[in-house]
Amino acid sequence: MGWKVFNELTVGIGFGTFTSLFVVIVIKGIPEWIAVLKENNPKTKKTS
Amino acid sequence: MSILPIDYIVMIVYIIFTIWLGVYASKYAGGREEMLVAGRKIGLFGMLATLIATDWCAITMVYMGQSGWAMGISAMFLGWLIFAGYVGAGMFGVGTVWFRRLKILSIPEVMEHRYGKIARALTGFSMVMAFLVTLGVFLQGVAGMFGTFFGVDPRLMIFILLAIAMGYTISGGMWSVILTDQVQFLILGIIIPLATILAIKGAGGWEALYSGVQAARGEVGVNGWTAFGTKTIIYQLVFFFFAAFAYPTTLMRVCSARSVREGYKGFTIGVSSFLSRAIFPAIVGAAAIILFPDLKDGVQAYAMTITKVTPVGLTGVLIAGFMAAFMSTADSYYLTTGSMIPQDIIGPLLPKGKTLSTKQTIITLRLSIVFVALFALYVAYFYKGGLLYWVVKLAEQMFVAGLGISVVFGLWWKKANQWGAVTALVFGLIGCAIPNYVLKMEAWQTGFISFGGALIGMVVVSLLTQKIDRPKTVGSIYREARSLANGMD
C-alpha cells in the first residue's frame, strides 16, 4: 500500500468516524441534555 | 474577501446568543463542584459533545492549518499519532476511572491523593506555567485568523476576543462552559467538515490537491514518515500516551460526568474524534499551497483558504463557527488554569487544618482568571515562535512528562512515592524548559530529555527513599480516596 492509498484511507476514516459520532451525539445527546438542565434547574430543583 | 451585511447579522446574533447562554448558565454555578465540574451531572452524550467542542478549538485549526501548509498532506499523519497515543492510554482506562472515582476538582488533586501536598502544588505550578504560554499563543494565532477574516489589526482582535471569552467564563464556571460547548458542538460539527470539503473542491479536487502538494513540497508533502522522521514519531506517540493521563481540559470533562462508567465510556469514544480534528485543518492548510503559492506565513493559511473557497453568504456562519471554536476552548482553558491557582497552588500551601471557604475559592478563582488573561495578553503581544504546533506541544511538555509518568507509576508501581514524583515533576519541567527555551534544541530531543529525566528521577529517587516514605498500594489509595470523597460530600 502506497502513501497515496494510505492518505486517502486516512481522509475516509476521518470523515467516517466523525460523521457517525456527530449523528449519534445529536440524536441521543439533545434529549439527554434537556433532561439534565431540567433536573438541575435551581428554580425547580428539589432540595433533599 | 467581502463580508456582506447578512454575515454581520449572523455573527452579532450568535455573539448575543452566546452571552445570553453564559448568563443563563451562571445560575447553575452555586458552589465549588457546580463551578468547577458542573456538579458531576453531565451524561455520556453531553460529555462527548463538550469533549469534542473543546478539542476542536480554533487554534487547532490555525496550527494544524499551518502544519498542512508547511508539510502538505503529510500533516494528517499527526492525527494518527494523537489517536494511537490516546487509544494506547485509553485501553488501560484506569487513568480516567481513577480520576473520576476520586471526585477531584482539578487534575493536580490526584497527585495529592497519591503523593501528598508538595507534589500537588508542584503539579499545579508546572501546569499553570505551561498554560500561560499556550493561552497567549492561542490568543495570538486566533487573533491572526480573525484579523484575516475582518481585515483588522490582529492586536486589536486580541483584546476583543479576550473580552468575549472572559465575560461568561467568569460569570458561569463549568456550567457555562459546558452549556456553550453543546451549542458550539452543533455548529462546529457541520462547519469544519464542510470547510474541508470546500477547500478540496477549491483546490481543484482531491487528485489536483494531491499532485499539486507533491509538486510543491516533494515526497515530504505526501509521506508522513519522511516528513516527521522516526525519532519525532516515537516522541509524539510517547507524548500523547502520557498526555492522556495529564491533559486537564479532556480529563476535567471526564470528572464532570454523572458516573465513573459514563466518564470512562465518553473518554474512550471521544478519542476517535482526535483523528479527524487533525485531518480536517491539515487538508485546508495543504490547499493553501495550491491556492496561494506566494503565501509566506502559514499561520494565515487556514483563514485565507476558507475565505477564498466559501460561497458568498456562508461566511458569517463560518466565522461565527470559528468564534464558537475559539470561545469553547478559551473559556475552558481560562477556567481550568484559573482554578488551579486557588485549588492546587494556594490551597496545599496553607497551614495545616486551614482551607479556603467556598466564597474565598470563587473570589480567588475569578481573580486568577483575570491574572491568567492578562498574562496571556502579554504573551500574545510579545511572543514570537516557530511552527505553532511545536510551540504548543513543547509548552505542554513542561507538565506532561512529570505528571504523566507520576500518574502511570502511581497506578502500577507501588514503590512510587512522594519524592520520586516530586523529582519527576522537577526534571520533566526543567528537562523541557532549558533544552527548548534556552538551548533551542529539536522538539524530539527536548521531549526525550524531559521524559527521560522524569522517568529516571521517578525510579531512582523512589528506590532511594523507600525507608522514609513507605510504598502504598493502589487498592489502599482507592479506599482512602473514596472515604475522603464521601467525607467531603
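Along each chain, residue indices are assigned from 1 in the same order as the chain's sequence is written. Just so you know, chain letters begin at A and ligand numbers begin at 1, following the order they were written in. Given that the model is predicted, a residue must reach a pLDDT of at least 70 before its local features are reported, and side-chain atom pairs must reach 80 or more before they are shown or counted; all residues, however, enter totals for whole chains, interfaces and linings. Only hydrogens and water are set aside; all other atoms, that is, all heavy atoms of the structure, feed into the side-chain values.

**Q** What am I meant to see in the overall build of chain B here?
**A** Each helix and strand counted, chain B has 22 helices and zero strands in total. A burial count over chain B gives 64% of its 489 residues as buried. At a minimum sequence separation of 6, the contacts of chain B that also span at least 24 residues come to 85%. Accessibility throughout is a Shrake-Rupley quantity obtained with a 1.4 Å probe, and a residue counts as covered only by protein chains that appear here. Split by element, the accessible area of chain B, about 16900 Å² in all, is 69% carbon and sulfur. Secondary structure elements follow DSSP: runs of H or I no shorter than four residues count as helices, runs of E no shorter than two count as strands, and numbering proceeds from the N terminus. With a 1.4 Å probe rolled over the protein chains alone, any residue whose accessible area is under 20% of its type maximum counts as buried; one over 50% counts as exposed, and the rest are partly exposed. In what follows, residue pairs with any heavy atoms lying within 4.5 Å of each other are defined as contacts.

**Q** Would you take a moment to explain the overall build of chain A for this structure?
**A** Looking only at helices and strands, one finds one helix and zero strands in chain A. Across the 48 residues in chain A, those meeting the buried criterion constitute 33%. With an accessible surface of roughly 3100 Å², chain A has 69% of that area assigned to carbon and sulfur atoms.

**Q** Is there a simple way to explain the environment of Met61 of chain B in this structure?
**A** Residue and element names in this part refer to chain B. Note that Met61 resides in helix α4 (residues 58-71). In this structure, the C-alpha to C-alpha distance between Met61 and Tyr235, residues 174 residues apart in sequence, is 22 Å. The residues touching Met61, leaving out its near neighbours within four places in the chain, are Trp56, Met145, Ile192, Arg277, Pro281, Tyr302 and Phe322.

**Q** Whenever I open this one, the nonpolar core confuses me. Can you help?
**A** Nonpolar side chains tend toward joint burial in soluble globular proteins. Put simply, buried Ala, Val, Leu, Ile, Met, Phe, Trp, Tyr and Cys residues joined by side-chain atoms within 4.5 Å make one nonpolar core. Counting 172 residues, the largest nonpolar core has Tyr86, Leu139, Phe146, Leu209, Phe322, Phe326 and Tyr334 of chain B as the members making the most contacts within it. Considering each element in turn, this core owes the most residues, 17 residues, to helix α19 (residues 388-412) of chain B.

**Q** Looking at this model, I keep getting lost on the interface of chain A and chain B. Mind explaining?
**A** One widely used convention gives an interface's size as the accessible area the parts lose upon coming together. If you look at the interface, chain A gives 28 residues, while chain B gives 45 residues. Two parts placed together each lose some accessible area; with a 1.4 Å probe, that loss summed over both constitutes the buried area. Taken over both partners, the interface formed by chain A and chain B buries close to 3200 Å², and the fraction arising from carbon and sulfur atoms is 75%. Considering only the surface of chain A that becomes buried against chain B, Trp3, Phe18 and Trp33 of chain A emerge as the three largest contributors, covering 21% of it. We count a salt bridge whenever a side-chain nitrogen from Lys or Arg sits within 4 Å of a carboxyl oxygen from Asp or Glu. Connecting chain A to chain B are one salt bridge. In this structure, Lys4 of chain A and Glu207 of chain B form a salt bridge, with 3.0 Å as the shortest nitrogen-oxygen distance. Whenever two N or O atoms come within 3.5 Å, that pair is a polar contact, provided that in protein one can donate a hydrogen and the other can accept it, and provided that, for residues adjacent in sequence, both atoms are side-chain atoms. Inspection of the region where chain A meets chain B yields seven residue pairs in polar contact (both at pLDDT 80 or more). For the side of chain A that touches chain B, the per-class residue count stands at 16 nonpolar, seven polar and five charged. Charged means Asp, Glu, Lys or Arg here, nonpolar means Ala, Val, Leu, Ile, Met, Phe, Trp, Tyr, Cys or Pro, and polar covers whatever is left, Gly included.

**Q** What am I meant to see in helix α18 (residues 358-382) of chain B here?
**A** An α-helical turn contains 3.6 residues, so a residue and the one three or four places further along point in the same direction. Its 25 residues give α18 of chain B an end-to-end C-alpha distance of 36 Å, which sits within 8% of 36 Å, the value for a rise of 1.5 Å per residue. Listing the buried residues of α18 of chain B in full gives Thr361, Ile362, Thr364, Leu365, Ser368, Ile369, Val372, Ala373, Ala376, Leu377, Val379 and Ala380 of chain B. Every helix has an expected span of 1.5 Å times one less than the residues it contains.

**Q** Looking at this structure, I do not really get the packing of helix α10 (residues 206-217) of chain B against helix α15 (residues 273-291) of chain B. What am I missing?
**A** Residues and elements named next belong to chain B. Contact geometry for α10 and α15: axes closest at 9 Å, N-to-C directions at 70°. Of the possible angle classes, the one that applies to α10 and α15 is roughly perpendicular. Note on packing geometry: the crossing formed by α10 with α15 is left-handed. Contacts from Ala208, Leu209, Gly212, Val213, Ala216 and Arg217 in α10 reach Ile283, Ala286, Ala287, Ile289 and Ile290 in α15. Its residues placed into classes, the contact of α10 with α15 shows nine nonpolar, one polar and one charged. All axes are obtained by fitting lines to C-alpha atoms, using only the stretch in contact for helices, and the reported angles, taken between N-to-C directions, cover 0 to 180 degrees. Orientation is classified from the angle alone, with under 35 degrees giving roughly parallel, over 145 giving roughly antiparallel, 65 to 115 giving roughly perpendicular, and any other angle giving oblique. Crossings are sorted by hand: turned counterclockwise from the far helix by less than a right angle, the near helix makes the crossing left-handed, and turned clockwise it makes it right-handed.

**Q** Explanation requested: the packing of aromatic side chains in the structure shown.
**A** What describes a pair of aromatic rings is the distance from one ring centre to the other and the angle between the planes of the rings. All names here are of chain B. Two rings from Phe, Tyr or Trp (for Trp, the six-membered ring) form a pair when their centres are within 6.5 Å of each other. A pair whose planes differ by under 30 degrees is stacked, one over 60 is edge-to-face, and the rest are tilted. Applying the stated rule across the entire model yields 35 aromatic pairs over all chains. Relative to Phe83, the ring of Trp80 has its centre 5.9 Å away and its plane inclined at 80°; by these criteria the two rings are edge-to-face. Taken together, the residues span about one helical turn, with Trp80 and Phe83 both in helix α5 (residues 77-92) at a distance of three residues. For the ring pair Phe131 and Phe399, a centre distance of 5.3 Å and an interplane angle of 50° mean the geometry is tilted. Here Phe131, found in helix α8 (residues 117-150), pairs with Phe399, found in helix α19; they are 268 residues apart in sequence, far enough to count as distant.

**Q** Explain α4 of chain B to me, please; I cannot follow it from the model alone.
**A** Residues and elements named next belong to chain B. Taking 1.5 Å of rise per residue, 14 residues should cover 20 Å, and α4 covers 20 Å from first to last C-alpha, within 8% of that figure. Across the 14 residues of α4, 13 count as buried, placing the element largely inside the fold. Downstream of α4 by a residue or two, Gly72 has a phi angle that is positive, lying close to 70°.

**Q** Could you clarify how one ought to interpret the packing of α4 of chain B against α15 of chain B in this entry?
**A** The geometry of a pair of packed helices is captured by two quantities: the angle between their axes and the separation between those axes. Residues and elements named next belong to chain B. With their axes 6 Å apart at the nearest point, α4 and α15 run at an angle of 50° to one another. Here α4 is positioned oblique relative to α15, judged by the angle of their axes. The way α4 lies across α15 gives a crossing that is right-handed. Contact residues: Thr60, Met61, Met64, Gly65, Gly68 and Trp69 in α4; Arg277, Ala278, Pro281, Ala282, Gly285, Ala286, Ala288 and Ile289 in α15.

**Q** What should I look at first to understand the pattern of salt bridges in this one?
**A** Any two side chains of opposite charge can pair, so long as their charged atoms come close to each other. Residues and elements named next belong to chain B. Per the stated rule, a full pass over the model turns up five salt bridges over all chains. Between Asp344 and Arg120 there is a salt bridge, and its shortest N-O distance comes to 2.8 Å. Taken together, the positions of Asp344 in helix α17 (residues 315-349) and Arg120 in helix α8 put the pair 224 residues apart, joining distant regions of the chain. A residue is classified by how much of its surface remains accessible, and Asp344, at 0% relative accessible area, is buried.

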